[in-house]
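Now for the letters of each chain:
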Amino acid sequence: MEQKIKSALISVFYKDGLENIIGQLDKLGVTIYSTGGTQDFIEKLGAKCVPVESLTTYPSILGGRVKTLHPSVFGGILGKREDATHVAEMKQYDIPEIDLVIVDLYPFEETVKSTSDESLIIEKIDIGGPSMIRAAAKNHRSVVVIAAKKDYVLLEDILKTQSGHRTLEQRRMFAIKAFDVCTHYDNAISAYFHGVNIETPFNKESKVLRYGENPHQAATFFGNLAEIFTQLNGKELSYNNLVDVDAAIQLTKDLKDETEALFAIIKHNNVCGVAIRQTLKEAWDAALAGDPESAFGGVLVCNKEVDAATANAINELFFEVLIAPSFAEDALTVLKQKKNRILLQVKQFPASTHQYKSLLNGMLTQQNDEGNFAEWKEAGGRDSTPAEKKDLIFANIIAKHLKSNSISLVKNKQMIGKGCGQTSRIDALRHAIDKAKQFGADLNGAVLGSDAFFPFDDCVKIAHQEGIAAFIQPGGSIRDADSIAYCKENNLAMVFTGLRHFKH
């Protein structure tokens, strides 16, 4: 059912981007009601504007705390146009129908970030704004509500192409967005008074994806990817792309202090190749050599600008996504040859502090797995050498970013083998050794990282038999002494970190 916008109530804190909307409304002959600064803004644009005070017969009072909280305003928003009783009462009390509500909210979150003065923070708790937004969204069968300036472009298009008419589907879409805005705002206020950072995934803007993990699954992403990336090329990110992109970003975040070139390949949420070298091309070659089969169709990430030499090398492989801090122009020329290839330039790491997982009839939340060591305890038959220490730190971070149970094998800052997602640690080790041998890696002098403790000394024994000389693990098993004793008997280094990294 289409309805035409004949009247609008506009009261916004941020007025930028509103000019074209005002122009279209004025052109269509829409009666505009407004207040205070917004009214001044509209009138300076040359558009006619009716002050809300003419409806309420009250001026803005209590320092602006009360402006629109009045039956003449809310009756015009909430009145059901299809209900004869409502229509009669609105006529009886001279309440005009309001077809469009454009309202944003006081910048509460921005104020909390900028000051600790509670009196200033309290004054930025909007009352009338959320009330009008919720009222308009509730009555979306008759009213269009715009609660965020990012929707101005869509509204402008409707005004231009539909001559002010709007469908029920459009009104419902805007209502959903409006309720999301109010939910986010209320959560922020609640978090402030609780003295906590309540970060929930569903109070962010949303985007419907093509499909979920599989084509028959619907999926939605909640968040603003533009805060983290600039997409330079390619199709829209899919559900599976996003999962692997997150894994890539979390790995590089843990390695953000690395000054040499880092390249990693992610496949199905696991690292399948990663290396550190002096140049990016060398890092790519070493990362790919770790498992060239699994790299096909993966997500790639690096910590240096992608140059032409590296671009030409990786262009030989089919991959879904490449993430980098920057791209040389000649590299982009090479990489953009395939229109669907996704190229992401990183702006910043995500600031989120928690993870969420739905299960049963609820949802789990936990803090991110921050940090890599609670301690550095040399517990083996000798201390690790400086070179081994670098590899052990690297192996520990890699194991952290593999699905549990996980084992990573590293030599000369290159992952040469990995086992992940296994139901026993010894199986993860066997997989890692087999993978290393499959691609001709030399295990002599390599180091081993484990996401959790060794329940027995069998992993240490098997690894030693293959030439592995140093180990890093959290420790904490009731049989740690068995692994320690074996390392001491065979002059092997073993480091305890005191920090487990299960990842399920």
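Here the structure is a predicted model, which means the values were calculated and not measured.

Chemist: Whenever I open this one, the overall build of the protein chain confuses me. Can you help?
Modeler: When helices and strands are counted, the protein chain shows 18 helices and 23 strands. A compact globule built from 504 residues should have a C-alpha radius of gyration of about 23 Å, whereas the protein chain, at 30 Å, is more than 25% larger. When its C-alpha atoms are laid out on the principal axes, the protein chain stretches across 95 × 50 × 40 Å. Burial statistics for the protein chain: of 504 residues in total, 48% are counted as buried. Across the protein chain, every contact between residues at least 6 apart in sequence was considered, and the portion connecting residues at least 24 apart equals 57%.

Chemist: Mind showing me how you'd approach a nonpolar patch on the surface here?
Modeler: A cluster of nonpolar side chains, contributed by Leu 359, Leu 360 and Leu 364, occupies part of the molecular surface with about 330 Å² of accessible area. Relative to the elements of secondary structure, Leu 360 occurs in the loop between β16 (354-359) and β17 (362-367). Using a relative accessible area of 86% as the deciding quantity, one classes Leu 360 as exposed.

Chemist: Just checking my understanding: could you explain the pairing of strand β23 (residues 493-496) for this structure?
Modeler: In summary, the side chains of a regular strand alternate between the two faces of the sheet. Residues of β23 alternate between two faces, with Ala 493 and Val 495 on one and Met 494 and Phe 496 on the opposite face, all of them buried. In this structure, strand β18 (residues 377-378) lies alongside β23, joined through two bridges in antiparallel fashion. Looking at the pairing, Lys 377 lines up with Phe 496 of β23. Note: strand β22 (residues 470-473) against β23, four bridges, orientation parallel. Residue pairing in the sheet places Ile 472 in a bridge with Val 495 of β23. For the crossover that starts at β22, traverses helix α18 (residues 480-489) and ends in the parallel β23, the hand is right-handed.

Chemist: Explain the pattern of salt bridges to me, please; I cannot follow it from the model alone.
Modeler: Close approach of charged atoms lets side chains of opposite charge pair. Overall, the coordinates contain 19 salt bridges when judged by the stated rule. Across the pair Asp 16 and Lys 149 runs a salt bridge, and its minimum N-O distance is 2.8 Å. Taken together, the positions of Asp 16 in the loop between β2 (7-11) and α1 (19-27) and Lys 149 in the loop between β6 (144-146) and α9 (152-161) put the pair 133 residues apart, joining distant regions of the chain. On the accessibility criterion, Lys 149 (43% relative accessible area) is partly exposed. One connected set of salt bridges, linked through shared partners, spans Arg 81, Glu 97 and Asp 99.

Chemist: Please clarify how the nonpolar core should be interpreted in this entry.
Modeler: In globular proteins that are soluble, nonpolar side chains generally tend to be buried together. The biggest cluster of nonpolar side chains holds 38 residues, and the ones touching the most others in it are Val 245, Val 274, Val 321, Ile 323, Leu 344 and Phe 394. It is helix α11 (residues 239-254) that contributes the most residues to this core, six residues altogether. Setting aside residues no more than four positions away along its own chain, Val 321 makes contact with Leu 237, Asn 241, Val 245, Gly 298, Val 299, Leu 300, Ile 342 and Leu 344.

The rules we used
Residues numbered from 1 in each chain as written. Predicted model: local features only at pLDDT ≥ 70, side-chain atom pairs only at ≥ 80, totals over all residues. Heavy atoms only, no water. Helix = DSSP H or I, 4+ residues; strand = E, 2+ residues; numbered from the N terminus. Rg over C-alpha atoms; globule rule 2.2 N^0.38 Å. Buried < 20%, exposed > 50% of the residue type's maximum accessible area, 1.4 Å probe, protein only. Contact = heavy atoms within 4.5 Å. Patch = residues over 30% accessible without salt bridge, like charges linked within 9 Å, V, L, I, M, F, W, Y side chains within 5 Å. Areas by Shrake-Rupley, 256 points an atom, 1.4 Å probe, with all protein chains shown as cover. Salt bridge = Lys/Arg side-chain N within 4 Å of Asp/Glu carboxyl O. Pairing = 2+ DSSP bridges. Right-handed = clockwise from strand over helix to strand, strands pointing away. Core = buried A, V, L, I, M, F, W, Y, C linked by side-chain atoms within 4.5 Å.

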